Every structure is written in structure tokens, then in C-alpha cells.
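Descriptive analysis of the structure
Letter by letter, the chains look like this.
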Amino acid sequence: MQLPEQLVIATRESPLALWQAEHVRAWLTARYPGLKVELLGMTTQGDRILDVTLNKIGGKGLFVKELEQALADGRADLAVHSMKDVPMVMPDGFALAAIGEREDPRDALVSNRYATLAELPAGAVVGTSSLRREAQLRARFPHLTVKPLRGNVGTRLAKLDAGDYDAILLASAGLKRLGLGGRIRAELSPEDSLPAPGQGALGLEIRADRADLAALLAPFDHPATTAAVTAERALSRRMGGSCQIPLAAYAEDDDGFLRLRGCVGLPDGSHIVHGEANGTRAAAEGLGQTVAELLLTASGGDILEALAHP
Ligand SMILES: NCc1[nH]cc(CCC(=O)O)c1CC(=O)O
């Protein structure tokens, strides 16, 4: 294979996105000595619009469209994404070249006063703008108050420290990557907070016509993570795939066998249904569809109505 001399990585400019892009740069230069890798920092619509909850303004695509434009124009060769932010259906002309090994997939409780969710007293204010986290929290701890919280990881921690919240919920992966793992009071079990599809995994996106790059990036792929994330994303896609309704999907790989758990509900937590199934890595896509069918069958009219008219 003819090695290119230089690659450009398109990335968002939040500290977490830059960490992730640097991580991929370090992998590339270690694997291909002599390869020059530059970062092209970009601000996306999702970064600019901070005063509205994401599901109200169009969801996940907002974090990736500008980066895809840079790939289309040839200003960049690859884009590094949190798989959680990548839409369930890849737009025409783009492909995921590799999904790297997953960091901790769990949600984390961060608080300056409380060590567990169970300790939070009635009326305690918990910060999250994720419908998924909110629905699961309300279902399990209906006495808590959920208050919206957006911004990058540092901004969210600053709002907690300013006293605006008693506790906040964040992805463990982001905190750990930024060296902020020490702020985690409790890792939430999948029973308390089932993670989002793709949470904790990084994806490398390229133009579908760049076979040269696909070969170069393929060794970044972690097959167990790819199988798990494929199952989670298939579930989400079959359910309608946006972040307009609370949806969680989490697959664990045990030596080639996947256990996929999913849940869907109403944002107020008043109705939430769970489903799970097992399958082989090779059947990851079908497994996602199977669990989605279980969820749809178990959902009452109210959830189906919310899915149909978000
Ligand atoms: N919603 C934004 C987002 N996208 C990816 C992560 C964390 C890192 C990851 O899941 O890979 C976060 C922050 C969070 O949810 O706390």
C-alpha cells in the first residue's frame, strides 16, 4: 500500500473532541512512522447552539455535518467522532472506516455532596439534558428534580461547582479521557442507567470513495467494540434512530457472544420498557433488530405514539 505523506483530521474544538483527535493522531504516527498528521479544528452547529435542548433542534447530525463537509471538499481526510454523536444512518458518500476500542461505557454521577443516586434526598436537583438519562432517573428515583444541562464537559462541571445542581450525570468516558475521572462519585450500573448506543466508542469517518484510507485505518478497529456498537445502532435505527425519545442500547461482548439490552420510554419516566437478547458477533445487526422488535411489542400505545410523533 502506498502511504500518503500527510493526513488531515477534522475535529470539533471542544477539549474532549481535541483529546480524541489527538488520540487518533498518536495512533496513526505510532503505526505509520513518517506520516504527518494535522488537525483541522471546526465549530459545529451543535457547539454553537447551547441554549436549547439538542432534541429540540435536530439532534445528533448537528455535531458531524460540518466535519463531513470538510471531508467532501477534500480539506480533511478523516473525522473523529464519539460514536454516540453519529447518526444511525450514514449519509450517502460517507463510511465508518473503523470503530476503536471502547472506553468505559457507563454513565457517571458527579456531585460535591452525594456519593450515590440513592443518597440524593427528595427534591435534589440533578443536571442532564439527555432524555435517556432523564427517563431512567425519573423511573427509578421519581422524587428527584431533573434540570437541563448543556455545554461541554468543563462547562457542565463548572455549573455543578457553582451550586446550580446537587448532582449531574455525564458519560464516564469523557471524564476519564480528560483526566477528570477523579470527579466521578459513582459509576451507574446498566440497571440504573443503561448507556446510549455507541457510548464510549470512537469512530473514524471517511469518504466512501477513499479505499486507500479505509485500508490504512482498518487496524484501528476493535472487532468486539464494532460488533457491540453495530448491535446498539441497529436497535436504535429500527426504533426510529433520533434522540427525540428516551432510548438506550448497550451490548456486552463475552468472547464473541453479545448480550444486548435496550430500553425505551417516556421522558417523564412514567412508562419505560426493557428488552434483551443474546447472539453472535456475526449476527449483531439482526440482534439489534430483534431487541427493537421486543421493545416495540412491549411498548404500549403511549410510547408508540411518542415514537411516531416526536
Ligand atoms: N452528548 C455529548 C457527548 N458525546 C460523547 C460524550 C462522552 C464520550 C463518549 O460517550 O464517547 C459526550 C458527553 C457526555 O455524554 O457526557
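Going by the annotation in an unreviewed UniProt entry, the name recorded for the protein chain is Porphobilinogen deaminase, with Chitiniphilus shinanonensis given as the source organism.

**Quick notes on the site of the ligand**
Close contacts around the ligand come from L16, S82, K84, D85, R133, L170, A171, G174, R177, Q199 and G200, and that covers them all. Between the ligand and the protein, one listed contact pairs a nitrogen atom with a side-chain N or O atom of D85 at 3.1 Å. For the ligand, an oxygen atom lies 3.2 Å from a polar atom in the side chain of R177. Those elements that place two or more of their residues in the shell around the ligand are strand 8 (167-171) and helix 7 (172-177).

**Comments concerning the environment of E252**
As for its placement among the helices and strands, E252 is situated in strand 11 (residues 247-254). Judged by its relative accessible area of 29%, E252 falls in the partly exposed class. In this structure, the C-alpha to C-alpha distance between E252 and T225, residues 27 residues apart in sequence, is 8.7 Å. Every residue in contact with E252, bar those within four places of it in the chain, is listed here: F257, L258, R259 and R261. Within the structure, the side chain of E252 is placed 2.9 Å from the side chain of R261, a separation counted as a polar contact.

**Concerning the sheet that holds strand 5 (residues 107-110)**
Taken in spatial order, the five strands of this open sheet run 7-6-8-5-9, and their pairing is mixed. One side of each edge strand has no neighbouring strand; the edge strands of this open sheet are strand 7 (145-147) and strand 9 (184-187). Across the sheet, the mean angle separating the axes of adjacent strands is 30 degrees when strand polarity is ignored. With three bridges connecting them, strand 5 and strand 9 associate as antiparallel partners. Across the sheet, residue A108 finds its bridge partner in strand 9, namely E187. Against the sheet, helix 5 (residues 131-140) makes contact with strand 5, strand 6 (125-127), strand 7 and strand 8, and its axis sits at roughly 130 degrees relative to strand 8, the strand it touches most. Each of strand 5 and strand 8 touches helix 6 (residues 153-161); the most contacted strand, strand 8, lies at about 165 degrees to it.

**Re the pairing of strand 5**
What you see with strand 5 is no split at all: D107 and L109 on one side and A108 and V110 on the other are buried throughout. Of the strand pairs in this sheet, strand 5 and strand 8 are connected by four bridges, and their pairing is antiparallel. Note on strand 8: the bridge partner recorded for A108 is L170.

**Remarks on the nonpolar core**
If you look at the biggest cluster of nonpolar residues, it comprises 23 residues, and the most contacted ones within it are L235, M239, L258, L260, V264, V291 and L295. Put simply, the parts of the chain that give this core at least two residues each are helix 9 (223-238), strand 11, strand 12 (257-265), strand 13 (272-280), helix 10 (284-298) and helix 11 (301-308). The biggest single contributor to this core is helix 10, with six residues. With residues up to four places along the chain from it excluded, the contact list for L258 reads A227, A228, A231, E252, D253, A277, N278, G279, T280, R281, A284 and L287. By size, the runner-up hydrophobic cluster in this structure holds 18 residues, among which are A21, L28, L35 and A98.

Each value, and the rule that gives it
- Residues numbered from 1 in each chain as written.
- Predicted model: local features only at pLDDT ≥ 70, side-chain atom pairs only at ≥ 80, totals over all residues.
- Heavy atoms only, no water.
- Near = heavy atom within 4 Å.
- Polar contact = N/O pair within 3.5 Å; in protein donor to acceptor, adjacent residues only side chain to side chain.
- Helix = DSSP H or I, 4+ residues; strand = E, 2+ residues; numbered from the N terminus.
- Buried < 20%, exposed > 50% of the residue type's maximum accessible area, 1.4 Å probe, protein only.
- Contact = heavy atoms within 4.5 Å.
- Pairing = 2+ DSSP bridges.
- Axes fitted to C-alpha atoms, helices over the stretch in contact; angles between N-to-C directions.
- Core = buried A, V, L, I, M, F, W, Y, C linked by side-chain atoms within 4.5 Å.

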